[in-house]
Amino acid sequence: MRKLIAITALFAAAALPLGAQTHPTHHAGDWWRNHNDDYHFAYLSGYKSALHHQIGHDTPLTPFSAYAVRAGVNKFYNDFRNRNIVIDDAIIYVGKQLSGASKHDLDQELLGMRANAAKLAPEGDGSDD
């Protein structure tokens, strides 16, 4: 039994460096664009439900259907400059657009999101071309 535990521990320790070398999925524009509309609808429905459950009351996204948010996120990621912005930020931004936030405020927020996304862009995504 001790040999089995020692062998299992050895394999687990050997596997740790392999796991550290993998890159987590970057949930941003290219990730979004690689999924179909059914996936988008399911993702956004779950997102809205989880957000509502987490904060315990209606959210700024509540009045809008997942279809409306999906259309906004699709349009958001059609602009190549937004491709490295994470999906959470894109969804909140679209919610603000749908809620009627001022163009000036949205533009300022978008510039900040783009600057932050440029700093956090994953390796090999072509953002330095």
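Now for a look at the structure at hand. Keep in mind that this is a model prediction, so the values were computed, not measured.

What follows concerns helix α4 (residues 66-78). Residues that lie three or four places apart on an α-helix share one face, since the helix turns once every 3.6 residues. Taking 1.5 Å per residue, 13 residues should reach 18 Å; α4 reaches 18 Å between its end C-alpha atoms and fits that length. Within the sequence span of α4, burial applies to A66, V69, R70, G72, V73, F76 and Y77. End-on view of α4: buried residues confined to an arc of 165°, all on one side of the axis. Along α4, the residues that are exposed and aim more than 90 degrees away from the buried face are K75 and N78. In this structure, the buried side of α4 is in contact with α2 (29-33), α3 (37-55), α5 (87-98) and α6 (103-120).

Below, the discussion takes up the side chain of K48. With respect to the helices and strands, the residue K48 is situated in helix α3. Summary of buried charges: K48 has no salt-bridge partner, and the nearest side chain of opposite charge, D58, is 9.4 Å away. Those residues in contact with K48, other than ones at most four positions away along the chain, are L61, T62, F64, S65 and A66.

Before going further, it helps to examine the pattern of salt bridges. Scanning the model with the defined rule gives four salt bridges in all. In this structure, K96 engages E109 in a salt bridge whose closest nitrogen and oxygen atoms are separated by 3.1 Å. With a gap of 13 residues between them, K96 in helix α5 and E109 in helix α6 connect regions that are remote in the sequence. On the accessibility criterion, K96 (35% relative accessible area) is partly exposed. A relative accessible area of 25% places E109 in the partly exposed class.

Below, the discussion takes up the nonpolar core. Counting residues in hydrophobic clusters, the biggest one holds 22 residues, and the most contacted among them are W32, V69, V73, F76, Y77, I87 and I91. Counting residues per element, the ones that place at least two in this core are α2, α3, α4, α5 and α6. With residues near it in sequence (within four places) discarded, Y77 still touches A28, G29, W32, R33, N82, R83, I85, V86, I87 and A90.

Calculation criteria
- Residues numbered from 1 in each chain as written.
- Predicted model: local features only at pLDDT ≥ 70, side-chain atom pairs only at ≥ 80, totals over all residues.
- Heavy atoms only, no water.
- Helix = DSSP H or I, 4+ residues; strand = E, 2+ residues; numbered from the N terminus.
- Expected span 1.5 Å × (residues − 1).
- Buried < 20%, exposed > 50% of the residue type's maximum accessible area, 1.4 Å probe, protein only.
- Arc of directions from axis to C-beta.
- Contact = heavy atoms within 4.5 Å.
- Lys, Arg positive; Asp, Glu negative; His and termini not counted.
- Salt bridge = Lys/Arg side-chain N within 4 Å of Asp/Glu carboxyl O.
- Core = buried A, V, L, I, M, F, W, Y, C linked by side-chain atoms within 4.5 Å.

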